[in-house]
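Observations on the model geometry
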Amino acid sequence: MRSLTSPARTDSSTSLAGYVVRRGGTISGAIGSSSPESKKDRLSQESSTSGLARHDEKVQTCMRCSKDIEDNRWIRVEKGRGVLCDKCWKSMYLPKCRRCDLPIEKQAVSSSDGQLKGKYHRECFNCHTCHKPFPDKTFYVFDGKPFCDYHYHEANHSLCTAPFCGRPIEGPCAVSHSGDRYHIEHLTCEYEYDETGKRCEERLVDYWEVEGRMLCERHMRRVAEQEDMLGIGLDEIGTKFEPSSKATKRRTRFIDIAELR
């Protein structure tokens, strides 16, 4: 199974309880529904041996919240030890929604493969960051929580760093010396020709870092000449070039995010 920190998209998908499940380990596995009402039924059936039962008799006091139970809805807990009001019983015995932390009394959304942690009310099941629902019934899982496409990649540090892009990367990826990730075609020389912001479009494999900018060799030379950063500069023949310590040689790494484990 792929790591939960690496994205994956394939063409094969399976629909489970209305949600699309993409195989690969990053996007959630089975989504199931559970009804806590069945737990109530089982507890009622076991009342003859466990001492749990509902009554509509005299006013009782809840052993947990110490309030009088005025609606006469209470459950006896272990003969002789007291009763619980309906609200406290639900709080103690029903599963809690991971989003709102309130008891789930009807159907719950959960994952049968264990990637999605906890259970959710259907209306609470949405992106952990933006809280928007999943209109196409597809979601990602990161750290046991559901995310939309964009916020999953934000949490996974797999958004393209290029200022003109910023979109998710799934597949081949270029990694700079600082660890920033780019679509391969977007890791380009950062030299700007003029105040309009037009940039050199040369893709960087071997490149130079000059005062925080990644430059192709041609523009590293130009910047060095402009800022008097050539160090020993050109020799008498004019063929030798030695950059100063302000220019550092770097090399791009290439990875495939979909194959990270």
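Structure's up top.
Let us look at the structure shown here.

Conventions and cut-offs
- Residues numbered from 1 in each chain as written.
- Predicted model: local features only at pLDDT ≥ 70, side-chain atom pairs only at ≥ 80, totals over all residues.
- Heavy atoms only, no water.
- Helix = DSSP H or I, 4+ residues; strand = E, 2+ residues; numbered from the N terminus.
- Buried < 20%, exposed > 50% of the residue type's maximum accessible area, 1.4 Å probe, protein only.
- Areas by Shrake-Rupley, 256 points an atom, 1.4 Å probe, with all protein chains shown as cover.
- Pairing = 2+ DSSP bridges.
- Phe/Tyr/Trp six-rings, centres within 6.5 Å; stacked < 30°, edge-to-face > 60°.
- Core = buried A, V, L, I, M, F, W, Y, C linked by side-chain atoms within 4.5 Å.
- Contact = heavy atoms within 4.5 Å.

**Topic: the overall build of the protein**
The helix and strand inventory of the protein stands at five helices and 18 strands. In the protein, buried positions account for 39% of the 261 residues. Accessible area of the protein: about 15,100 Å², with a carbon and sulfur share of 46%.

**A look at the sheet that holds strand β18 (residues 253-256)**
Across the sheet, which stays open at both edges, the three strands sit in the order β14-β13-β18 with antiparallel pairing between neighbours. Edge strands, defined here as strands with exactly one partner in the open sheet, are β14 (181-182) and β18. As paired strands, strand β13 (residues 172-175) and β18 are joined by four bridges and run antiparallel to one another. The partner of A174 across the bridge, within β18, is F254.

**Here's the deal with the packing of aromatic side chains**
Considering all chains together, one arrives at seven aromatic pairs under this definition. Relative to F125, the ring of Y120 has its centre 5.5 Å away and its plane inclined at 65 degrees; by these criteria the two rings are edge-to-face. Across this residue pair, the class does not change: Y120 and F125 are buried. A ring pair is formed by F142 and Y152, whose centres lie 6.1 Å apart and whose planes are at 70 degrees; its orientation type is edge-to-face. Within this pair, whereas F142 is found in strand β11 (residues 140-142), its partner Y152 is found in helix α4 (residues 149-155), the two being separated by 10 residues in sequence. Accessibility expressed as a relative area gives 18% for F142, which makes it buried. Residue classification places Y152 among the buried positions, given a relative accessible area of 0%.

**Points about the nonpolar core**
In terms of nonpolar packing, the biggest core is built from 22 residues, with Y182, C189, L204, V210 and L215 touching the most fellow members. Of all the elements in the fold, those that place two or more residues in this core are β13, β15 (206-210), β16 (213-215) and α5 (217-226). Among the nonpolar cores identified, the runner-up in size contains 17 residues, and A108, V109, C124 and F125 belong to it.

**Focus on the side chain of H186**
Within the secondary structure layout, H186 lies in the loop between β14 and β15. Excluding its chain neighbours within four sequence positions, the residues that come into contact with H186 are C160, A162, F164 and C165.

**Quick word on the pairing of strand β9 (residues 108-111)**
Neither face of β9 is exposed, since A108 and S110 on one face and V109 and S111 on the opposite face are all buried. Relative to strand β10 (residues 120-121), β9 runs antiparallel, the two being bridged by two bridges. Note that in β10 the partner of V109 across the bridge is Y120.

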